[in-house]
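One-letter residues, chain by chain:
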Amino acid sequence: MPPSSPGSSASSSVWRDADFRRLWAGQTASQLGEHTTLVVLPLFAVLALDAGAGQLGALRAVGQVPILLFSLLAGAWVDRWRARTVMVLTDAARAVALGAAAVAGLFGLLGLPALFVAAFTVGALSVLFDVAYQASLVRLVRRDQLLKGNSALEGSRSAAQIGGPALGGALVSLFSAQVAAASGALFFAVSFMSLRRIRRAEAVPEHHERAPRVRHRMRDGLRFVAGHPLLRAVCLASAAFQFSFAATMTVYLLFLPRELHLSGATVGLALAATGPGALLGSVLGARLPGRYGHGVVLVSAAVLGNGALLWVPALHGSSAVTVAALLAVNFVLGTFGQLVNVTVMSVRQAVTPDGMQGRAAATITFVGMGSAPLGSLLGGFLAQGWGLRTSLLVTAAGMMLSPAVMAASPLVRLGRRLPL
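Just so you know, these numbers come straight off a predicted model, no measurement behind them.

What counts and what doesn't
Residues numbered from 1 in each chain as written. Predicted model: local features only at pLDDT ≥ 70, side-chain atom pairs only at ≥ 80, totals over all residues. Heavy atoms only, no water. Core = buried A, V, L, I, M, F, W, Y, C linked by side-chain atoms within 4.5 Å. Buried < 20%, exposed > 50% of the residue type's maximum accessible area, 1.4 Å probe, protein only. Helix = DSSP H or I, 4+ residues; strand = E, 2+ residues; numbered from the N terminus. Contact = heavy atoms within 4.5 Å. Phe/Tyr/Trp six-rings, centres within 6.5 Å; stacked < 30°, edge-to-face > 60°. Lys NZ or Arg CZ within 6 Å of the ring centre and 35° of its normal.

**Here we look at the nonpolar core**
Then step 1. Residues Tyr 252, Leu 256, Val 312 and Leu 326 are the most contacted members of the largest nonpolar core, which totals 30 residues.
Then step 2. Breaking this core down by element, the ones donating at least two residues are helix H1 (18-47), helix H2 (53-78), helix H8 (229-259), helix H9 (264-272), helix H13 (320-351) and helix H16 (388-398).
Then step 3. Per-element accounting of this core gives the leading share, seven residues, to H8.
Then step 4. If near-sequence neighbours (up to four positions away) are discounted, Val 312 is found in contact with Tyr 252, Phe 255, Leu 326, Val 329 and Leu 392.
Then step 5. Among the nonpolar cores identified, the runner-up in size contains 24 residues, and Leu 231, Ala 233, Leu 298 and Val 347 belong to it.

Below, the structure is given as structure tokens:
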């Protein structure tokens, strides 16, 4: 259990804890930098470098492949290191990487090869950061505060989703990729400054002289998740979602500017609508599972959120009606997608021992997000061969596999209270 603190009693709010507020502020800035970058690099490739469907799919895959390469290793490291240290170092490194991309742009060197390098570097560092921040909450607050703590942190990610895509699209459209990359570097620097001010000493589990080798720790994490029926179901549902979502987004980022003829700023605005929705989803995530049951909320939210994208292929033109429809679709996707995220994270943290938190998070990330590079490549392949509208319909329909997996698993039977 995390050490006791003024803000860690079961009856008090997590917001009374100064270290939790620093974690929240750093997380918000870091996620804002990440979501800005996720839009900046693909949009610059499409709008400025005239990248084709295959090239865009490859660019997105390069940014996602570090999940396959480093997730399990990151989990083994995080369970041995202080989460604060990992987050501080990775944010500093991401600031440097994006700053270097901005400088390369000033000298006319920010072509597709440089974008591939930047995407891979930021992606690899993001793997470490994401595993560390998921483990950090368990070391800062009591387990009976996890749902509210996760709701607050996911709310910070929602704030990033509000500002990140809109800001990234506007900067690429109005200024340049150099300015957009520099803004991402600035956000990571702000996060670095906030996170390094966390003062509480973490009790790092299993930090003894003869700790198991890294490969043994990775194997233990895999065995633990594979042997737990709830976590195994989370892995399978996550893999189905991330594969289909990556394919869908690759086609989506081509469909909006090329089929609907939307500007970069309008694309950013449409994507940013997921942010207010996700903010609402974070609030609902702290209330609905305890009222209606975690299983019912998980399956229902996944059906509603994933199903929203099935309406996009029916849109035509760049009229105000089309833009309004995109805003509504992305708002619904953000609301229910975030509700699923908050609920799943609380389930995972509640059933996982302290000493296994980093490895459990990394294993689920490895299995789930590890399928994303293949999905991105498939999206690019389908867009080239089948056309954008048909490909978007097929990939969006594939996203319904995730709630189907949940409905056929023990997750659907989870009640109002989680097993602790």
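**A word on the packing of aromatic side chains**
Then step 1. Per the stated rule, a full pass over the model turns up two aromatic pairs.
Then step 2. Here the aromatic rings of Phe 70 and Phe 120 are separated by 6.3 Å at their centres, their planes lie at 70°, and the arrangement is edge-to-face. Taken together, the positions of Phe 70 in helix H2 and Phe 120 in helix H4 (residues 112-140) put the pair 50 residues apart, joining distant regions of the chain.
Then step 3. On the basis of relative accessible area, Phe 70 is assigned to the partly exposed category, the value being 30%.
Then step 4. Taking relative accessible area as the criterion, Phe 120 reaches 29% and is therefore assigned partly exposed.
Then step 5. On the numbers, 5.2 Å between centres and 10° between planes, the contact of Phe 241 with Phe 245 is stacked. You can see Phe 241 and its partner Phe 245 sitting in helix H8, four residues apart, about one turn around the helix.
Then step 6. Directly above the ring of Phe 129 sits Arg 94, whose terminal nitrogen or CZ lies 4.8 Å from the centroid.

**Comments concerning the environment of Pro 289**
Then step 1. Within the element layout of this structure, Pro 289 appears in helix H11 (residues 288-292).
Then step 2. Residues Pro 289 and Thr 343, 54 residues apart in the sequence, show an inter-C-alpha distance of 7.1 Å.
Then step 3. With residues up to four places along the chain from it excluded, the contact list for Pro 289 reads Leu 284, His 294, Val 297, Thr 343, Gly 415 and Arg 416.

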